[in-house]
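Letter by letter, the chains look like this.
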Amino acid sequence: MWEIRLAGPKGLGVFAKNFIPRGTRIFSEKPLLAILQGQDTSALYNATKQLSPDDRASLLSLSAHVTKESSFIRWNKASWYIMKETISDLNAKLRGRKKGTGNWRMPRFHAIGEHAAILSIFRSNAFKFGRTSQFHQAVFPRISRINHSCIPNAQGNFHEVLGKFNIHATRDIDVDEELTLNYLQEHGALRAARQLQLLNDYGFSCDCSACDVVRGQEGEGKRTEMLDVLRAFAEGAANEDIQNPGEELRTMQLFINLLEGEGIAGREVATM
Ligand SMILES: [Zn+2]
């Protein structure tokens with residue numbers, strides 16, 4: 001149904017090998033590496049050690065958007081986790097709590113480099129989940145290959161009971177068309193806000209057609225309209241003007257129509 005291949009300057013992407021009708025489930029995957037709610041990236045060091053060699057190779061094969069600054073920060077972070085573990089290991093040995101035959105060794109530099117790479121890969125590829133999910137962030141072997149678009153053709157839902165992330169086509173997808181997901185939690189944000197969020201959270205700037213200054217003009221207009229509707233609705237709700245369920249429904253319907261018209265409804269990570 002799909003294949004992974006080069007998607008121009010973005011690196012690899014996932015493409016339809018045949019026509020995929022709207023509603024088709026394209027992927028259903030368990031996380032490769034994840035951090036739970038309340039954890040931060042320091043949990044990744046131990047989680048990575050539990051990976052099978054295949055999963056580790058699969059993780060390291062994912063691409064990362066790395067800047068000089070972020071690479072330096074991650075190198076330091078990785079050194080810190082590894083030093084911390086080495087020191088506590090040494091302490092345990094000195095106190096005789098850990099019976100080992102081998103001598104204490106200096107942390108290996110390639111291990112630091114590899115963990116720094118894993119931190120970069122995690123940042124670039126992890127999906128963020130809402131508070132109702134057990135997971136805070138997770139990387140998936142194939143789903144993480146799907147590139148972002150502000151007007152995507154697929155959507156993800158995390159099934160908490162099965163622990164699987166399911167991806168469905170939200171419209172018909174043509175053969176050779178690239179599969180895309182909206183990485184942003186807030187749909188309908190304007191270009192500048194989207195660009196900033198993607199750069200901060202994932203380290204890239206989006207060049208989808210909605211972000212193109214000329215081609216994306218109409219969509220930006222719709223989003224502005226949508227935000228106005230939402231703002232008016234929020235104000236109405238705050239002032240308790242909106243007491244009429246019919247009116248509330250009409251406003252929400254208008255919002256949904258605008259959203260669907262632009263194809264913005266993309267990656268709403270809902271829990272089932
Ligand atoms: Zn975009």
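The structure we're discussing is the one just above.
Residues numbered from 1 in each chain as written. Predicted model: local features only at pLDDT ≥ 70, side-chain atom pairs only at ≥ 80, totals over all residues. Heavy atoms only, no water.

**A short note on the coordination of the zinc ion**
Put simply, the ideal angle at a metal is 109.5 degrees for four donors in tetrahedral geometry and 90 or 180 degrees for six donors in octahedral geometry. Keep this limit in mind: The rule for donors is simple: N, O or S, within 2.8 Å of the metal, or within 3.2 Å if the metal is Na, K or Ca. Water isn't counted, so a site may look like it is missing partners. Here the metal geometry follows the donor angles, with tetrahedral for four donors whose angles all fall between 85 and 135 degrees, square planar for four and octahedral for six when opposite donors are more than 155 degrees apart and every other angle is between 65 and 115, and irregular for all the rest. Each residue is assigned to one of three classes by its accessible area relative to the maximum for its type, calculated with a 1.4 Å probe on protein chains only: buried under 20%, partly exposed between the two thresholds, exposed over 50%.
For the zinc ion, the full set of protein donor atoms is C150 (SG), C206 (SG), C208 (SG) and C211 (SG), and the range of their distances to it is 2.3 to 2.4 Å. With four donor atoms in place around the zinc ion and angles of 101 to 116 degrees between them, the coordination shape is tetrahedral. Sequence spacing of the donor residues for the zinc ion, all on one chain, is C-x55-C-x1-C-x2-C. Overall, the relative accessible area of 9% leaves C208 in the buried class.

**A closer look at the sheet that holds strand β5 (residues 127-128)**
Note the threshold: Note on pairing: DSSP must find at least two bridges between two strands before they are called paired. Put simply, DSSP marks the helices as runs of H or I at least four residues long and the strands as runs of E at least two long, and each gets a number from the N terminus on.
Reading across from one edge, β4-β6-β5 is the order of the three strands in this open sheet, with antiparallel pairing throughout. Where the open sheet ends on each side, the last strands, each with one partner, are β4 (33-36) and β5. Relative to strand β6 (residues 135-139), β5 is paired through two bridges, and the arrangement is antiparallel. In the strand pairing of β6, F127 is matched with A138.

**Examining the pairing of strand β1 (residues 2-6)**
Taken together, the five bridges between β1 and strand β2 (residues 12-16) define a ladder with antiparallel strand orientation. By the bridge assignment, L6 is partnered in β2 with L12.

**Things to note about the environment of G188**
Summarising the element assignment, G188 is placed in the loop between β10 (180-181) and α5 (191-202). Placed 38 residues apart in sequence, G188 and M226 show a C-alpha to C-alpha distance of 7.1 Å.

**Observations concerning the pairing of strand β8 (residues 154-159)**
With respect to burial, β8 is a largely interior element, five of its six residues being buried. Note: β8 against strand β9 (residues 164-169), six bridges, orientation antiparallel. Residue H159 lies in a different strand from β9, and its bridge partner there is K164. Between β8 and β9, which pair antiparallel and follow one another directly, the connecting turn spans four residues, one of which, G163, has a positive phi of 65 degrees.

**Describing the packing of aromatic side chains**
Put simply, the rule reads: Working definition: a ring pair exists when centres of Phe, Tyr or Trp rings (six-membered ring for Trp) sit within 6.5 Å. Plane angles under 30 degrees give stacked, over 60 give edge-to-face, the rest tilted.
As enumerated under the stated definition, the model contains 12 aromatic pairs in all. Measuring from ring centre to ring centre gives 6.4 Å for F129 and F140, while their planes differ by 70 degrees; the resulting arrangement is edge-to-face. Of this pair, F129 sits in the loop between β5 and β6 while F140 sits in the loop between β6 and β7 (147-148), placing them 11 residues apart in sequence. The class of F129 is buried, set by a relative accessible area of 6%. Looking at F140, the relative accessible area reads 0%, which means it is buried. On the basis of an interplanar angle of 55 degrees and a centroid distance of 6.5 Å, the ring pair of F140 and F158 is categorised as tilted. Of this pair, F140 sits in the loop between β6 and β7 while F158 sits in strand β8, and the two are 18 residues apart along the sequence. Residue F140 shares its accessibility class with F158, and that shared class is buried. A network of ring pairs unites the aromatic residues F127, F129, F135, F140, F158, F165, Y183 and F204 as a single cluster.

**A look at α5**
Just so we agree on the cut-off: Multiply 1.5 Å by the residue count of a helix minus one, and that product is the helix's expected span. In this description, the arc belongs to the directions extending from the helix axis to the C-beta atoms.
Taking 1.5 Å of rise per residue, the 12 residues of α5 would be expected to cover 16 Å, and the 16 Å separating its terminal C-alpha atoms lies within 8% of that figure. Buried residues of α5: R194, Q195, L198 and Y202, and no others. Relative to the axis of α5, the buried residues are bounded by an arc of 100 degrees and lie together on one face. Facing away from the buried side of α5 by more than 90 degrees, the exposed set consists of A192 and L196. Positive phi shows up at G203, right after α5, with a value of about 80 degrees.

**Brief notes about the pattern of salt bridges**
Going by this rule: Here a salt bridge means any side-chain nitrogen of Lys or Arg lying within 4 Å of a carboxyl oxygen belonging to Asp or Glu.
Following the criterion strictly, the structure yields four salt bridges and no others. Where E29 meets R142, a salt bridge forms, and the shortest distance between an N and an O atom there is 2.8 Å. Placement of E29 in strand β3 (residues 25-29) and of R142 in the loop between β6 and β7 is noted, with a sequence separation of 113 residues between them. For R142, a relative accessible area of 36% gives the class partly exposed. With a closest N to O distance of 2.9 Å, E177 and R171 form a salt bridge.

**Focus: a nonpolar patch on the surface**
Applicable threshold: Patch membership requires more than 30% relative accessible area and the absence of a salt bridge. Residues of like charge join within 9 Å; the nonpolar side chains Val, Leu, Ile, Met, Phe, Trp and Tyr join within 5 Å. Note on areas: Shrake-Rupley, 1.4 Å probe, and residue coverage restricted to the protein chains presented here.
Residues I4, L6 and L12 make up a contiguous nonpolar surface patch of about 260 Å² in total accessible area. Examined against the element boundaries, L12 turns out to sit in strand β2.

**Digging into the side chain of R194**
Rule in force here: Should any heavy atoms of two residues lie within 4.5 Å, those residues are considered in contact.
In this fold, R194 is placed in helix α5. With a relative accessible area of 3%, R194 lands in the buried category. Filtering out sequence-adjacent residues up to four positions away, R194 remains in contact with C150, L184, A189, A210, C211, E220 and R223.

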